[in-house]
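If you want the building blocks of each chain, they are given just below.
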Amino acid sequence: MANKSFLSSDKLQLAQEILNPPLMTPDGDVRKISVFSSQSFSHWLEAELEERMQSHPEWKEIHPILLGSWARGELAPKSDIDLLFCGDEALVKSFVDKVQEQGLKLRYRVPQDPQDWTVGVEAFDVLALLKARPLTAEGAKKLYEQQRRIWSKKKTLRTQLLKAVKKERSERASRYDSITNYLEPNIKYGPGSLRDLEQGLQIYDLFAEKFVNPAHALDVLKYYRQYLLGIRQKLHLEGMGDILVSTSQFDMAKWLGFKSHKDFMRDLQRGLSRVNFYSDWIVAVAESSEAELKKTERSSFKKPADLSLALHKNSNVLVQKKVREHLDELFPEKNLKKNAKLRGDILKKVLDIKASDEFLVSVFRSRLIDKLVPEFLRLVGWVQHDQYHRFTADSHIMQACREVKRLYRKPSSLGPLKFLHAKLTSYDWQVLSWSCLYHDLAKGLEGHDHSEAGVKFVQSDFKSFGFSKQFTDDVKWMVKNHLELSQAAFRKNSKDPKVWQELRLMGVEGAALNRLALFTAVDIRATNPEAWNDWKASLLKELVLNLESKKAEGFFHFYKFKNKKGLSLPLEIFEELGLSLIESISVEELSQDLLQAEKSETDLQPKILKTKKGETWVRFHQKRDRKGVLVDYVTQLYSLGLGVRHASIHTLPKVGVYDWFQLQTTKSPQQITQLLKANIKSKELPHPKFDQIQWVSADDKEWVLSFKGPDQSGLLAAATKALSDLDLSIRGAQVHTWGRQVDDVFFLRASSGIERTAVIEKLQKDLGSEK
């Protein structure tokens, strides 16, 4: 495509008036090809272009041969001007120089060998000669001789051309397989574009004798040639290129008569899909042997099941085309309800996790899927206008159905999430496959949440298919909740018990959790493969493991007990209790103890527990908090020779001071109880040193302070006393000893009576190491 139009500014203004919109809004009915004005506008452009050329006396003398868009009658204002000159080379150079000085850019060539114009050129240039148009009698004579020469070598040449076309189509498909091409399709080069269309018609001309009843396919290509050409012409007049950018879609939709740009883009994508299919079919016919074509042609379909059986045996595009031709005959709309059981049986085979990918794709491309799931037809070509969805809605569903099969066969593709594969049963894979088909089936329904609306489709269809209630309910649940795990893993804190509870209340547990986690990976990969990576797989894995952790199970027990017993404490307290405590003492026992502390009017007696792991814990409780209470507890334990390994320290509403300490001791619970009652005189505290004392965070309500260092006798007692001496109120603490290292974090009430810098300076002076 040229960067600018070959029309002058005055002519561009006139062109706006000459190019008319279609007589009626395009609807894909190939019988209405006459509604487009693109062909007549192309003729007007040809006349304008030739008039400019004829202003130069050399024009007729150099015997121009029109190639490309000009030759085919498909000119647009910015089309490349492709020419071959078979006159005197000196005159050709003189003409080209003059034309280019006027700003008209030509793509031209002079035959390397005047006797054989195919020498030194690519296969596509040879193909262009067959569609070329001469403008002089001498040129016509010479072109005829070259075309006759080409046709004399037709069999050899067309094989070479077919090979070149297949290679170019494959490379172009890879180049335009992107999010951008679905949101902003390239009308000239994208899948189903004018280039696909042109190649399909050219290959048909070369292999015409191999085709039987190609009329409908050719009608489709000819209809969309006018439709797409009109869009391209309009884009060029608006100063754009061949890409239908989002900003142009609104005006284009209005010009074509659509109610909205979404309706226009849906219709356009359907058209591009049709062109892509039928051009693929033409190429497939051209490269097939006579035996293959006869075998396909002899295929007979007497009942609806024969269509899927044929695709199962041979999924190629030849059979797909044959199936398309018999869909309305064997699956009339009036019989869809009557054939519900059969439709369900066919879908079982298509969605079988072990069924081939080729079979599944053929069911979609043959449009058999439209008969098996009538709601699917509404999604064909429906563009999801964002930078995340690569495919149209119908293509996304097909990709999801394909992706689940790929992951079944190659679990390593899941990366960190591959551990799920071993957890899934054949029933799980069955639920997953059907969920892929139905999860977005309600997309595009105005005023409906597609997840909720999709549940109704599952209920209605599965009932008519005769599926079990359990299977129906499992797929309904997946469709309803298919986005929940993605939101939790990528937009929320997967370690937050509130997130766990939200998911648990939805039923995200056990087999449902495993299925939903794998489906989330499938959905992302089918939406946009570039959006899936090991980082996302790791986040999903982390969420799954968190939901299955002992801590999560403890939280769920705590939540259940809290509601059952009427415990008024907020759920956040479970997180604050700390992992060491929760993993050591059963949730039932902790909850019961908390309930007792909440209901009690007085202080509870210290409680000593020996866990199954052999750990010893002591709980202190005071209904009313007071200054120095934590110092008293810690000093008492130190004085009794009871070291502290971990601690969970809190002041809770309606409970009061509620502190647990894991002790380093060989004494029995009975001995510890007697020691606590003995009222032994406190020992003088040592002067241990911390390697690091620093603020973790601070705001108007809470200061968080961290103490780290090697384990030493009296560290915790010294730290709590130092904080108390500074008149800092300790709201809570998490105390841990890992091997020989201490990591203590204190949560303090923010104080206006002392500067935080002064706190650190004092603590560093009294407890900091001398390094």
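Please read all numbers here as calculations on a predicted model, not as lab measurements.

**Overview of the layout of surface pockets**
- Quantified by volume, the second largest pocket comes out at close to 920 Å³.
- Residue lining of the second largest pocket: 27 residues in total, with R274, R324, R367, D370 and L377 positioned closest to the centre.
- When contributions to the lining of the second largest pocket are tallied by element, the ones reaching two or more residues are α11 (215-237), α13 (261-287), α16 (317-330) and α19 (368-372).
- Here the lining of the second largest pocket takes eight residues from α13, the largest share from any one element.
- When its residues are assigned to classes, the lining of the second largest pocket shows eight nonpolar, five polar and 14 charged.

**A word on empty space enclosed by the protein**
- Tallied over the entire structure, the rule returns three cavities of 30 Å³ or more.
- Put simply, the largest cavity is a space of about 60 Å³.
- Contributing to the lining of the largest cavity are L19, N20, P22, F36, S37, S38, Q226, Y227, G230, I231, W255 and L256.
- Of all the secondary structure elements, the ones that give two or more residues to the lining of the largest cavity are α11 and α12 (246-256).
- The greatest single-element share of the lining of the largest cavity, amounting to four residues, is contributed by α11.
- Class assignment of the residues belonging to the lining of the largest cavity gives a composition of seven nonpolar, five polar and no charged.

**What about the pattern of salt bridges?**
- Evaluation of the coordinates by the stated rule reveals 53 salt bridges.
- A salt bridge links D82 to R107, with the nearest nitrogen and oxygen atoms 2.7 Å apart. Of the two residues, D82 sits in strand β2 (residues 82-85) while R107 sits in strand β3 (residues 107-109), which places them 25 residues apart along the sequence.
- Residue classification places R107 among the partly exposed positions, given a relative accessible area of 46%.
- Note that E168 and R195 form a salt bridge whose closest N and O atoms lie 3.6 Å from each other. Here the residue E168 occupies a position in helix α8 (residues 154-175), and R195 occupies one in helix α10 (residues 194-206), the gap between them amounting to 27 residues.
- Looking at E168, the relative accessible area reads 14%, which means it is buried.
- It is possible to trace a salt-bridge network through shared partners that takes in R72, E74, E168, R169, R172, R195, D196, E198, R225, D280 and R365.

**Quick word on the packing of helix α2 (residues 38-54) against α11**
- Contact geometry of α2 with α11 gives a least axis separation of 9 Å together with a crossing angle of 50°. Judged on the interaxial angle alone, α11 and α2 are oblique. Contacts from S38, Q39, F41 and S42 in α2 reach Q226, L229, G230, Q233 and L237 in α11.
- Per-class residue counts for the contact of α2 with α11 are three nonpolar, six polar and no charged.

**Some details on helix α21 (residues 426-438)**
- Between its first and last C-alpha, α21 extends 19 Å over 13 residues, near the 18 Å set by a 1.5 Å rise per residue.
- In terms of burial, α21 is a largely internal element, 10 of the 13 residues being buried.
- Within α21, burial applies to D428, W429, V431, L432, S433, W434, S435, C436, L437 and Y438.

**Comments concerning the state of the cysteines**
- Inspection of the entire model under this criterion finds zero disulfides.
- No disulfide involves C436; its nearest neighbouring cysteine sulfur is the one of C401, lying 5.5 Å away.
- Look at C436 and you get buried, because its relative accessible area is 0%.

Rules of the game
Within each chain, residue numbers correspond to sequence positions counted from 1 in written order. The predicted origin of the model limits local features to residues at a pLDDT of at least 70 and limits the giving and counting of side-chain atom pairs to 80 or more, whereas totals for whole chains, interfaces and linings rest on all residues. The basis for the side-chain values is all heavy atoms of the structure; hydrogens and waters are excluded. Grid spacing is 1 Å over the protein atoms alone, the probe is 1.4 Å, and a cavity is where that probe fits but cannot get out, while a pocket is an open set with protein on both sides within 12 Å along at least five of seven lines and lining residues have an atom within 4 Å of a point. Grid points are joined across faces, edges and corners, and a volume is the space filled by probe spheres set on the points. Helix numbers and strand numbers start at the N terminus; a helix is a DSSP run of H or I with at least 4 residues, a strand a run of E with at least 2. Put simply, Ala, Val, Leu, Ile, Met, Phe, Trp, Tyr, Cys and Pro go in the nonpolar bin, Asp, Glu, Lys and Arg in the charged bin, and everything else, Gly too, in the polar bin. We define a salt bridge as a contact between a side-chain nitrogen of Lys or Arg and a carboxyl oxygen of Asp or Glu at a distance within 4 Å. Think of it in three bands: with a 1.4 Å probe and only protein chains considered, a residue is buried below 20% of the maximum accessible area for its type, exposed above 50%, and partly exposed in between. Lines fitted to C-alpha atoms define the axes here, with helix axes fitted over just the stretch in contact, and angles between the N-to-C directions of these axes take values from 0 to 180 degrees. By the definition adopted for this analysis, an angle is roughly parallel if under 35 degrees, roughly antiparallel if over 145, roughly perpendicular if from 65 to 115, and oblique otherwise. Here a residue-residue contact requires only that any non-hydrogen atoms of the pair lie within 4.5 Å. A helix's residues, less one, multiplied by 1.5 Å, set its expected span. Any two cysteine sulfur atoms within 2.5 Å of one another count as a disulfide.

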